[in-house]
Structure formats: structure tokens, C-alpha cells
Amino acid sequence: MTNLVQAEALWQVKTLSDRTVEAIPDSPWLATGFFLLGIISVGALVAGLGLVLIYLERKIAAHFQCRLGPMRVGWHGLLQTVADTIKLLLKEDIIPERADKLMHLMAPFLSLLATVLVLVVIPYSPILQIADVNIGVLYVSAVGGFGILGILVAGWSSNNKWSLLGAMRAGAQIMSYEISATLALLTVVLFAGTLKLSGVVQSQADGWWIWRAHGIGLVAFMIFLIASVAEINRTPFDIAEGESELTGGFHTEYSGMRFAFFFLSEFVNMFVAAAITATLFLGGWMPFHIGGLHGFNAIMDIIPPVIWFLGKTGFLIFLIMWFRWTFPRLRVDQLMKLEWKILLPIGFVNLVVAAVAVLFDVYFFPRN
Amino acid sequence: MNDTDIATQEMKGADAGPAGAGGLVLSPAERKHGFVFRVLGGLLSLLQGMAVTLKYFLRPWTVVTRQYPENRATLKMYERFRSNLVMTHDQDGFHNCTACGICQTACPNASINVVTAKDAAGKRFLRNYVWRMDACTFCNACVQACPFGAIAMGGNFENAVYDRRLLTYSLNRYSGPPANALRKVVDPAERQKLMVPCSPYADCQAPADAATNTGDQ
């Protein structure tokens with residue numbers, strides 16, 4: 001119990017929304033300032049992630065394939081993404097003649113909106129979090145599933161059979177994998193005893209859930225990682241785009257700026273998936289702790305939490321990119337088989353085992 | 001055997017065959033050990049694949065990309081790279097071309113034109129070996145067809161020009177008889193008289209007492 005108290009004193013969470021609420025009675029202007037800061041920082045995060053992740057993806061992909069990647073624009077191609085963005089902004093924005101104009105215009109923004117909404121609740125560090133909703137895990141899984149709407153709307157409104165096929169595939173895929181992801185989420189919720197994302201992080205003060213739970217956490221982590229990769233439509237689960245079959249899938253008819261938005265949301269989605277996985281299974285911003293070893297824990301605490309968070313998320317992003325440049329794309333039936341015949345049974349069994357483990361406190365470093 | 005029997009047999013065959021368990025191709029070991037073995041085996045093979053890609057990722061020296069204009073001084077083309085046709089000349093400046101025209105016949109798109117001339121004795125020799133790069137597909141058929149090894153494929157790939165007429169080359173450096181005929185001539189002055197120097201873009205002059213005929217009759 002002392003451990004718990006210490007950890008909560010050390011890792012006091014103060015979010016931007018808390019600060020806003022505190023500031024309202026004293027100075028409405030300060031509250032407005034905090035509010036604007038939240039909006040601006042999310043916007044900056046989206047833009048920054050787009051620039052950095054697209055560059056990283058291209059470089060990492062190149063080196064997996066014995067290439068160099070962008071090398072010309074800036075030092076080692078650092079400004080390549082900037083140049084590409086300017087090009088995309090200047091390009092003609094084509095709307096197909098028989099397209100549903102309003103929905104066609106709306107789809108990329110819906111797609112981006114879902115990811116931005118998740119960015120709001122991710123705990124980047126104890127003091128860097130915009131809002132800490134008490135149903136965080138539920139919110140993430142609900143809003144994360146909302147991303148499919150953008151893809152479905154894009155596919156439907158394009159008036160193109162390839163787009164529609166891609167969108168329908170994506171729909172079936174995301175709906176299916178949502179189940180496995182949720183089962184894996186529930187495992188962590190059982191262990192942590194809370195739905196609050198910062199609470200989940202604080203519950204890992206004695207050790208991350210991936211290794212503290214005798215393999216249950218590891219299985220849940222793998223299920224969640226696979227399901228997340230499937231939900232963000234990345235190779236090997238990118239049948240929604242399927243260049244070789246669908247000429248680009250749901251974004252076939254998109255060009256210029258709005259194509260860039262789809263592209264951006266894909267990459268921000270990858271960050272979101274990695275960040276949520278890191279938060280739930282790898283302790284989020286919590287440094288690597290081993291319950292009881294206070295000296296070791298104190299050394300680990302020297303590294304600031306935001307570095308821990310970025311390191312874990314960066315590792316997972318690298319892992320997802322590594323998947324992409326290693327595995328071939330699955331066929332639609334194989335995709336469904338993987339979910340319904342393999343991941344789902346394992347997920348259910350794992351959840352039951354996790355419930356038993358929590359009931360009898362059989363994980364490492366139990367809290368009482 | 002009636003239709004039902006055949007159908008039953010086919011169904012049994014499908015169950016027992018390699019594509020059993022609903023389309024998944026299973027090894028005998030997998031069919032014996034079932035679900036857990038299949039999942040773990042699949043994970044293991046995925047990890048093996050990831051190890052292969054990681055190996056390349058962690059070894060930057062396996063990168064095959066060349067930074068071309070920057071590394072121009074040190075760039076070495078592969079031996080088998082084919083980007084221009086050359087007529088090989090030995091250290092004395094002699095070539096082996098007897099003007100037989102086999103390469104011209106072998107060329108699928110008529111990019112080679114062997115212009116010959118006859119000396120006073122009526123013997124045919126090479127006047128102009130005309131190669132049109134703009135019509136060439138670098139198929140190597142001429143090099144393989146040549147019985148004397150007189151031509152070869154070179155690696156000089158910087159062939160961009162502003163005028164397509166500059167893509168028609170004369171490959172021989174002199175107009176005259178091949179190396180083995182010239183070696184029989186002992187007197188160097190006499191030898192020089194037989195060899196009229198040639199530049200890549202000029203029409204070679206035949207020695208004064210020779211009769212010319214173009215190769216494309």
C-alpha cells in the first residue's frame with residue numbers, strides 16, 4: 001500500500017483541462033489561453049507527426065529494402081516531406097462528376113477527426129495530457145472505431161466501384177478486429193481496475209502489464225498489436241487500399257489536399273495505435289520499474305516520463321513499420337480467418353484466464 | 001461408381017489433402033498437433049521473416065543505391081552492364097573487324113551498318129562501322145554473332161546529347177584491314193598508309209586506291 005501512495009504522490013497527473021477548470025474562477029482569460037493551447041498543441045502534434053512519420057517511414061522502408069530513400073531535399077532528404085506537402089497543396093483538387101459532393105468533401109476530415117479525438121486523451125506525461133476522461137479506454141475504442149466512417153463515406157461518395165469495394169472491405173475488417181482489440185483492452189482494464197488512461201499508467205508503477213501478468217499480458221499485447229495494425233489498415237492488412245487489386249481503394253478518387261488528409265490520418269493513426277498500445281501494455285510514460293527495487297526504480301525515474309513515452313511509442317511505430325516491410329498482404333478470407341478463428345478464441349480464453357489471475361492476485365508484485 | 005460415390009470420395013480427398021481444414025495448407029505436423037502448434041508455428045515463421053528484413057536494416061553497407069552525380073569519380077559499372085557498343089582496339093590501335101557484316105545481319109533493328117571498301121587487290125576491308133545508338137536495344141546479338149571478337153558492349157552510360165544525329169557513331173578508329181592482316185605488313189610506314197584515321201562522327205576516307213561500296217545494298 002505504501003508503494004501505491006508513493007507512486008501516486010510522485011506521478012500526480014495534472015491535465016490541461018484540469019488547469020483550465022482551475023483557472024476559470026480566477027481569470028477567464030487564462031482559462032481561454034489553456035483552451036487555445038490545447039487546440040493549438042493538438043494541431044501542431046498532427047502536423048509534426050505527419051512530417052516526421054512520413055519521412056521516417058520512407059527512410060525505414062528504404063533501408064529494409066537495401067535502398068537509401070529520400071536523399072536530395074535537405075540533409076539526407078529531411079525536407080522531402082515539406083516539399084511533397086507543398087506539391088500536394090498546389091495540386092488540382094478533382095471531384096468526380098457523379099460523386100456525392102458534400103460527402104466526398106467531408107470524408108477526409110471525418111477520417112482525420114477520429115484520430116485527433118484520440119490524441120486528446122493520450123497521456124504523454126503526467127503534466128502533458130489534454131483531457132483525462134474517466135472512461136478513457138472506452139472512449140479510445142469507441143472513437144477509434146469512428147475512423148471507419150471516413151473510409152466508408154469516401155468509398156461510397158466517390159461513385160467508383162473500386163472505392164466502394166475498398167471501403168466495404170475496410171468496414172468488415174475494422175468491425176471484426178475491433179472485437180479482438182476490445183477483448184485485449186478488457187484484460188488490461190481488469191488488471192488496472194480502472195478505465196482512466198492515466199490510472200492505467202499509474203497502475204503500472206510496479207511493472208508493465210506486458211510482463212507482470214505471467215504471459216497473459218504478453219498474449220493480450222500481441223492480440224492488441226495485431227488488431228491495431230488491422231484497424232489502421234496498414235500492411236499486411238491493407239486490403240482496403242490494395243493497390244494491386246483496387247487501384248488505391250477508398251482514396252482512388254481523391255487528389256491534392258484531401259488525399260493528403262487521408263495520408264496524414266493514416267500516419268497519425270499509426271502514432272495513436274502505438275501510443276495506446278504503449279500506454280496500456282508498456283506503461284505509457286511510467287519508467288521501467290521493478291516492484292520493491294527502490295534503488296533501481298530511482299535511477300529509472302531520472303529519465304523524464306515524456307522520453308519514456310516517446311521511446312516506447314517510437315519502438316512500437318518502428319515495429320509496425322517493420323511489419324509493413326516484411327509481411328505480404330493478406331487475402332480477404334485469410335484476414336477474416338485470422339480474426340474469427342485465431343485471435344478471437346485466444347482473446348476470449350486469455351480474458352477468462354486474466355479474470356482468474358486478477359481474482360487470485362497471481363501476477364508479479366501484487367498490490368496489497 | 002455412381003455420382004454420389006465420386007462426390008463422397010472427393011470430399012474425403014479434400015479433408016485428407018494438403019488443403020484440409022478449410023483451405024489452409026497444412027503440413028502433416030501441423031495437422032497432427034492442431035491449433036496451438038499452427039499459431040505458434042505461424043508466429044515463428046513471421047519472426048523468421050522479420051529477422052531477415054532486420055538483418056538488412058541494420059547493415060547499411062548492403063544498400064545498393066548509388067548517389068550518381070556525387071560519386072561520379074568513383075563510380076564503377078558492372079562488367080555485364082551494356083550501354084554502348086564499342087569496337088575493341090588493341091595496344092597497337094588495330095581492330096579485328098574483317099567487315100564480314102555478320103553483326104549487321106544479326107542486328108534485329110538495323111542499327112548497324114558496315115560500310116566496306118575494296119583495296120587494289122579486290123580484298124574487302126572496313127571503311128566505316130556505323131552504329132546508330134538511337135535504334136539500338138542493347139540486345140547484345142551483334143557481339144554474340146561476331147566470329148572475331150571485334151566488338152563488345154561497353155559501360156559508358158552518359159550518352160545524352162541535344163541532337164539525335166550525334167547518336168550515330170562511327171566505331172572504328174581507322175579505316176583499313178583488321179589486325180591479323182596489318183601484322184603481316186612489316187614496314188611501319190607501309191602499315192600507316194593502309195590505315196586512314198577515323199573520328200566517331202566523320203565519314204572515314206578510304207585509302208586512295210580503294211573502291212568503296214556501302215554495306216546496305
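Residues numbered from 1 in each chain as written. Chains lettered and ligands numbered in written order. Predicted model: local features only at pLDDT ≥ 70, side-chain atom pairs only at ≥ 80, totals over all residues. Heavy atoms only, no water.

### Remarks on the confidence of the model for chain A
Note the cut-off: How sure the predictor is of each residue is captured by pLDDT, a score from 0 to 100. A helix here means a DSSP run of H or I that spans at least four residues, while a strand means a run of E at least two residues long, and both kinds are numbered starting from the N terminus.
Considering every residue of chain A, the mean pLDDT works out to 83; 95% of them sit at 70 or more. The secondary-structure element of chain A with the lowest mean pLDDT is helix α1 (residues 2-10) of chain A, recorded at 54, while helix α15 (residues 305-324) of chain A shows the highest, at 90.

### Topic: the confidence of the model for chain B
The predicted coordinates should not be examined in detail at positions where pLDDT is low. Residues and elements named next belong to chain B. Put simply, the test is: In this analysis, two residues are considered to be in contact whenever any of their non-hydrogen atoms come within 4.5 Å of each other.
Here chain B shows a mean pLDDT of 79. Residues at 70 or above account for 81%. Per-element averaging of pLDDT across chain B places helix α1 (residues 3-16) at the bottom with 46 and helix α5 (residues 141-145) at the top with 92. Overall, residues 1-21 carries pLDDT values under 50, and its contacts beyond four positions in sequence, including any with other chains, amount to 13 contacts. Interface confidence in the predicted complex, given as ipTM, is 0.75; pTM for the same model is 0.78.

### Things to note about the packing of helix α2 (residues 16-26) of chain A against helix α3 (residues 28-64) of chain A
Residues and elements named next belong to chain A. Basically, it comes down to this: For every element, the axis is a line fit to its C-alpha atoms; helices are fit only across the contacting stretch, and the angle between N-to-C directions ranges from 0 to 180 degrees. Here roughly perpendicular refers to angles of 65 to 115 degrees, roughly parallel to angles under 35, roughly antiparallel to angles over 145, and oblique to all remaining angles. By the definition used in this description, the sense in which the near helix is turned from the far one sets the handedness, with an anticlockwise turn below a right angle giving left-handed and a clockwise turn giving right-handed. For this classification, the nonpolar set comprises Ala, Val, Leu, Ile, Met, Phe, Trp, Tyr, Cys and Pro, the charged set comprises Asp, Glu, Lys and Arg, and every other residue, Gly included, is treated as polar.
Close contact between α2 and α3 brings their axes to 6 Å; oriented N to C, the two are set at 160°. It follows that α2 is roughly antiparallel to α3 by the angle criterion. Of the two elements, α2 crosses α3, and the hand of that crossing is left-handed. Between α2 and α3, the contacting residues are Leu 16, Arg 19, Thr 20, Ala 23, Ile 24 and Asp 26 on the first element and Pro 28, Leu 30, Ala 31, Phe 34, Phe 35, Leu 37 and Gly 38 on the second. Here the residues of the contact of α2 with α3 sort into 9 nonpolar, 2 polar and 2 charged.

### Here's the deal with the interface of chain B and chain A
Accessible area lost during the coming together of the parts is what is often quoted as the interface size. Worth spelling out the cut-off: Buried area: the sum, over both parts, of the accessible surface (1.4 Å probe) that disappears when the two are put together. Salt bridge criterion: a side-chain nitrogen from Lys or Arg within 4 Å of a carboxyl oxygen from Asp or Glu. In protein, a polar contact requires one atom able to donate a hydrogen and another able to accept it; more generally it is a pair of N or O atoms within 3.5 Å, and residues adjacent in sequence count only if both atoms are side-chain atoms.
On the side of chain A, 20 residues touch chain B, which itself brings 20 residues to the contact. Together, the buried faces of chain B and chain A total about 1800 Å²; carbon and sulfur atoms form 73% of this surface. Salt-bridge contacts for Glu 70 of chain B lead to Arg 72 of chain A; the nearest nitrogen and oxygen are separated by 2.6 Å. At the boundary of chain B with chain A, the tally comes to 6 residue pairs in polar contact (both at pLDDT 80 or more).

### What to know about the pattern of salt bridges
Here the structure, examined in full by the defined rule, presents 12 salt bridges over all chains. Note that Asp 333 of chain A and Arg 331 of chain A form a salt bridge whose closest N and O atoms lie 2.8 Å from each other.

### Things to note about helix α13 (residues 256-281) of chain A
All names here are of chain A. Quick note on the threshold: Under the convention used throughout, the expected extent of a helix is 1.5 Å for every residue step, that is, one less than its residue count. Throughout this description, buried means an accessible area under 20% of the type-specific maximum (1.4 Å probe, protein chains only), exposed means over 50%, and partly exposed covers the range between.
End to end, α13 covers 38 Å across 26 residues, agreeing with the expected 38 Å (1.5 Å per residue, within 8%). Burial within α13 is extensive, with 22 of its 26 residues counted as buried. Just past α13, the residue Gly 283 takes up positive phi, approximately 80°.

### Quick look at a positive patch on the surface
Stated precisely, the cut-off is as follows: For patch building, the residue pool is restricted to those with more than 30% relative accessible area and no salt bridge; the joining distance is 9 Å between like charges and 5 Å between nonpolar side chains (Val, Leu, Ile, Met, Phe, Trp, Tyr). The accessible surface values rely on the Shrake-Rupley method and a 1.4 Å probe; as for residues, cover is taken only from the protein chains in view. For this count, His and the chain ends are skipped, Lys and Arg are scored as positive, and Asp and Glu as negative. Each charge is placed at NZ for Lys, CZ for Arg, CG for Asp and CD for Glu.
On the surface, Lys 118, Lys 123, Arg 124 and Lys 184 of chain B cluster together into a patch of positive charge. With respect to the secondary-structure elements, Arg 124 of chain B resides in strand β3 (residues 124-132).

### Description of the packing of aromatic side chains
Each aromatic ring pair is specified by the distance between its two centres and by the angle formed by the two planes. Note the following rule: Within 6.5 Å between ring centres, the rings of Phe, Tyr and Trp (the latter by its six-membered ring) count as paired, and their orientation is classed by plane angle as stacked under 30 degrees, edge-to-face over 60, tilted in between. The rule is short: NZ of Lys or CZ of Arg within 6 Å of the ring centre and within 35 degrees of the ring normal puts a charge over the ring.
Tallied over the entire structure, the rule returns 20 aromatic pairs over all chains. With a centroid separation of 5.8 Å and 70° between ring planes, the pair formed by Phe 221 of chain A and Phe 281 of chain A is classed as edge-to-face. Here Phe 221 of chain A is found in helix α11 (residues 216-231), whereas its partner Phe 281 of chain A is found in helix α13, with 60 residues between them in sequence. Here Phe 221 of chain A and Phe 281 of chain A have matching classes, each one buried. The structure contains a cluster of three or more aromatic residues connected by ring pairs, namely Phe 64, Phe 318 and Trp 322 of chain A together with Phe 57 of chain B. A cation over an aromatic ring shows up here: Lys 161 of chain A above the ring of Trp 162 of chain A, its NZ or CZ 5.7 Å from the ring centre. Sitting over the ring of Tyr 56 of chain B, Lys 55 of chain B keeps its end group 5.9 Å from the ring centre.

### Quick word on unusual backbone geometry
The general pattern is negative phi for most residues beyond glycine and trans for most peptide bonds. A positive phi is found at Asn 233 of chain A, a non-glycine position, where the angle reads about 60°. Among the structural elements, Asn 233 of chain A can be located in the loop between α11 and α12 (243-246). We note that Ala 110 of chain B has phi near 50°; this positive angle belongs to a residue other than glycine. Within the element layout of this structure, Ala 110 of chain B appears in the loop between α4 (102-106) and β2 (112-118). A relative accessible area of 58% places Ala 110 of chain B in the exposed class.

### Details of the environment of Phe 250 of chain A
Here Phe 250 of chain A is to be found in the loop between α12 and α13. It is 7.7 Å that separates the C-alpha atoms of Phe 250 of chain A and Leu 165 of chain A, two residues lying 85 residues apart in sequence.

### Structural notes on the nonpolar core
In plain terms, the rule: Residues enter a nonpolar core if they are buried and are Ala, Val, Leu, Ile, Met, Phe, Trp, Tyr or Cys, with the set joined through side-chain atoms within 4.5 Å.
With 83 residues, the main nonpolar core has Ile 122, Phe 271, Leu 280 and Phe 281 of chain A as its most contacted residues. Per-element accounting of this core gives the leading share, 14 residues, to α13 of chain A. Residues within four places of Ile 122 of chain A in sequence aside, it is in contact with Leu 128, Gln 129, Val 272, Ala 275, Ile 276 and Phe 309 of chain A. Leu 126, Cys 136, Cys 146 and Leu 167 of chain B belong to the second largest nonpolar core, which has 21 residues in total.

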